[in-house]
Amino acid sequence: MQNRRSTMPHEPEFPAAARGNTVVALPIPPPPSSGPFNHLSDEALVALVARGDDDALAALYDRFSRVAYGLALRILRDRALAEDAVQEAFLAVWRTADRFLIERAKPSTWILTLVHRRSVDLVRREERRRADPIEVAPHESGAETADEVEVRAERRIVQHALTRLPADQREALELAYYGGLTQTELAERLGQPLGTIKSRMFTGLRRLRELLAEEGFEAELSRR
Amino acid sequence: MNVSDLHDLVAAHALDALELRERELFERHLVTCDRCRGELETLQEAASALAFDVEGPTPPPELRARLLARVREQQPASVVPLARRRWAVPAAAALAAAAAAGAVGLGIWGLSLSRSLESEQSARRAEARALEIVSDPAATRYPLRGADGAIVVTPARAAALVVSRLAAAPSGKTYELWVDRGDAPRPAGLFRGGGDRTIVALERPVPAGALVSVSLERAGGVDRLTGPLLFGARAA
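About the criteria used
Residues numbered from 1 in each chain as written. Chains lettered and ligands numbered in written order. Predicted model: local features only at pLDDT ≥ 70, side-chain atom pairs only at ≥ 80, totals over all residues. Heavy atoms only, no water. Helix = DSSP H or I, 4+ residues; strand = E, 2+ residues; numbered from the N terminus. Buried < 20%, exposed > 50% of the residue type's maximum accessible area, 1.4 Å probe, protein only. Contact = heavy atoms within 4.5 Å. Areas by Shrake-Rupley, 256 points an atom, 1.4 Å probe, with all protein chains shown as cover. Phe/Tyr/Trp six-rings, centres within 6.5 Å; stacked < 30°, edge-to-face > 60°. Lys NZ or Arg CZ within 6 Å of the ring centre and 35° of its normal. pLDDT = per-residue confidence, 0-100. Disulfide = S-S within 2.5 Å. Axes fitted to C-alpha atoms, helices over the stretch in contact; angles between N-to-C directions. Parallel < 35°, antiparallel > 145°, perpendicular 65-115°, else oblique. Left-handed = near helix turned anticlockwise from the far one by under 90°. Expected span 1.5 Å × (residues − 1). Bend = angle between axes of the 7 residues up to and from the residue. Polar contact = N/O pair within 3.5 Å; in protein donor to acceptor, adjacent residues only side chain to side chain.

Caption draft 1: Representation of the overall build of chain A. Across its full length, chain A holds 10 helices and 0 strands. Along chain A, helices and strands appear, N-terminal first, in the series α-α-α-α-α-α-α-α-α-α. Counting the 224 residues in chain A, one finds 51% classified as buried. Across chain A, every contact between residues at least 6 apart in sequence was considered, and the portion connecting residues at least 24 apart equals 64%. On chain A, roughly 10200 Å² of surface is accessible, and the fraction owed to carbon and sulfur atoms is 51%.

Here it is as structure tokens:
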């Protein structure tokens, strides 16, 4: 390895780099070591995570873990499995944040989609779906954090939007999303043709989106 | 399944209500269907709002501690701490992380990056291969000229490029690796760059004395070098 330049003939000079016409090595300032992340948007946190800032990942976890865990638990009905699903989803966030960065999707959509996907895959693998629901105590711990207060505000909006959906659409969405049922299982369960189920899901999601927009749903848990 | 049937799967995919087989078909379809990709983004946002309707207990504090311990023991693949412990990357942990990310593979998010699910998956395999190479204790490291990083070559002549702070290739462009054994540069793989650190396995072996270099080419890559060489290293 020593004196490679003198021993190797025809060594190229990498002219683009030498000219300073460089597309490489853009200096990236080091991330702040830790500290208050509260003022940062979800997007900013994801950007820090993409640069390997584990404190930013912790902050993102603190923002979304309660929603994520609630969702996983609702689908999986098993605490250990729900913990697995949440952990794997956040590890995926950690590992793939740099790829996500170039997208314009909301971090909350991305994170919760990861949690949901992982939970649904686990529940199908475990075939626990038809087990009796476990009772989940809604509030086990004392004071609500500011994030939890915000989650509660978002929850009210979603709940209200759901009440404005036609009942058959709402039923299809809830069975699919919280129950982890496939569309084929859904058709069987509801005794409807597959085409009907597909159109209920499609129309239902579209309508839900409109309703959420009307009600100012943001799913952005950073400080506003 | 014909194309109009595939269009019909978008809401079910947003709700994760497809069988695995259908999911694969649909994700493949997404690669070529702008309409479905756009639709999916919209519907996925509405679907994930449903998560906020769930009222559950606070996750146990051990979960947070466990997650952060795992995170801290395995830097993301793009920032494997090469400088800290020379090539002593815990390969098993890194590979486990790669597998975990693959298992919850992103629907749309991986796509626009690599333009196809197939290349995304092969990119993950290449990444796993690259991690194996850089974590091989018998591998030799040849520092790059023109950029901050190295070419790592195993005794079996498998090679990986590691480069720091490489800006992502501009849209419509890709980085392309070349191995020149003295006759002509031969293509050895494409990558995108971006992030703190890029690690990519070369698709061809690097014999002693060969020059490994990188150029910027049009997306999809080229068979013959057209762009200027940006950086590289010669393997001994």
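Having seen it, we continue.
Caption draft 2: Spatial organisation of the packing of aromatic side chains. Under the counting rule described, the total for this entry stands at 4 aromatic pairs over all chains. Over the ring of Tyr 178 of chain A we find Arg 74 of chain A; its NZ or CZ atom is 3.8 Å from the centre of that ring.

Caption draft 3: Representation of the confidence of the model for chain A within the structure. Residues and elements named next belong to chain A. In this model, chain A carries an average pLDDT of 78, and 70% of its residues clear a pLDDT of 70 or more. A low-confidence stretch, residues 1-9 stays under pLDDT 50, and its non-local contacts, those more than four residues away or across chains, total 10 contacts. Residue range residues 133-142 is modelled with pLDDT below 50. Its contacts to residues more than four positions away, or to other chains, number 22 contacts.

Caption draft 4: Seen up close, the state of the cysteines. All names here are of chain B. Scanning the model with the defined rule gives 0 disulfides over all chains in all. Of the cysteine sulfurs around Cys 33, a residue in no disulfide, the closest is that of Cys 36, at 3.6 Å. Its relative accessible area of 9% is what places Cys 33 among the buried residues. On the basis of relative accessible area, Cys 36 is assigned to the buried category, the value being 2%.

Caption draft 5: Just unusual backbone geometry, in detail. Residue and element names in this part refer to chain B. You will see that Asp 16, though not glycine, has its phi angle at about 55°, which is positive. Tracing the sequence through the fold places Asp 16 in the loop between α2 (10-14) and α3 (20-32). Take Asp 16: its relative accessible area is 3%, and that puts it in the buried class. Positive phi is not limited to glycine here, since Arg 157 has a value of about 75°. In this structure, Arg 157 sits in the loop between β2 (149-153) and β3 (159-164). Relative accessible area serves as the criterion here: at 24%, Arg 157 is assigned to the partly exposed category.

Caption draft 6: Quick peek at the packing of helix α3 (residues 42-50) of chain A against helix α4 (residues 54-76) of chain A. Residue and element names in this part refer to chain A. At a closest axis distance of 8 Å, the pairing of α3 and α4 adopts a crossing angle of 140°. In terms of their interaxial angle, α3 and α4 are classed as oblique. In the crossing of α3 with α4, the sense of the turn from one axis to the other is left-handed. Counting all contacts with α3, which are made through Asp 42, Leu 45, Val 46, Leu 48 and Val 49, the residues of α4 involved are Ala 56, Leu 57, Ala 59, Leu 60, Arg 63 and Phe 64.

Caption draft 7: Looking closely at α4 of chain A. Residues and elements named next belong to chain A. Spanning 23 residues, α4 covers only 28 Å between terminal C-alpha atoms, well under the ideal 33 Å at 1.5 Å per step. Its axis deflected by about 55° at Phe 64, α4 carries its strongest bend there. A large share of α4 lies buried, amounting to 20 of its 23 residues. At the N-terminal boundary of α4, the capping side chain belongs to Asp 53, with an oxygen 2.9 Å from the backbone nitrogen of Asp 55. Two residues or fewer past α4, Arg 77 is found with a positive phi of approximately 55°.

Caption draft 8: A look at the environment of Ser 65 of chain A. Take Ser 65 of chain A: it is sitting in helix α4. A relative accessible area of 6% places Ser 65 of chain A in the buried class. Between the C-alpha atoms of Ser 65 of chain A and Ile 111 of chain A, which are 46 residues apart in sequence, the distance is 9.8 Å. With near-sequence residues (within four places) excluded, Ser 65 of chain A lies in contact with Phe 90 of chain A together with Pro 59 of chain B.

Caption draft 9: Main features of the confidence of the model for chain B. Residues and elements named next belong to chain B. Averaged over every residue, the pLDDT of chain B is 77; residues scoring 70 or more account for 76%. Element-level pLDDT for chain B is lowest in helix α7 (residues 111-114), with a mean of 32, against a maximum mean of 95 in α2. Here residues 76-120 is modelled with pLDDT under 50, and outside its nearest four sequence neighbours on either side it reaches 101 contacts, counting other chains as well. This prediction of the complex comes with two scores: 0.59 for pTM and 0.77 for ipTM.

Caption draft 10: How the structure looks around the side chain of Thr 174 of chain B. Residues and elements named next belong to chain B. Tracing the backbone shows Thr 174 in strand β4 (residues 173-180). Overall, Thr 174 belongs to the buried group, its relative accessible area being 8%. Contact partners of Thr 174, with chain neighbours within four places excluded, come to Ala 169, Leu 190, Phe 191, Ser 215, Leu 216, Glu 217, Arg 218, Ala 219, Gly 220 and Gly 221.

Caption draft 11: Broad picture of the environment of Ala 139 of chain B. Residues and elements named next belong to chain B. Relative to the assigned elements, Ala 139 resides in the loop between α8 (117-134) and β1 (140-143). Relative accessible area serves as the criterion here: at 6%, Ala 139 is assigned to the buried category. Note: C-alpha distance between Ala 139 and Thr 154 (15 residues apart in sequence) is 4.1 Å. Setting aside residues no more than four positions away along its own chain, Ala 139 makes contact with Ile 133, Val 152, Val 153, Thr 154 and Pro 155.

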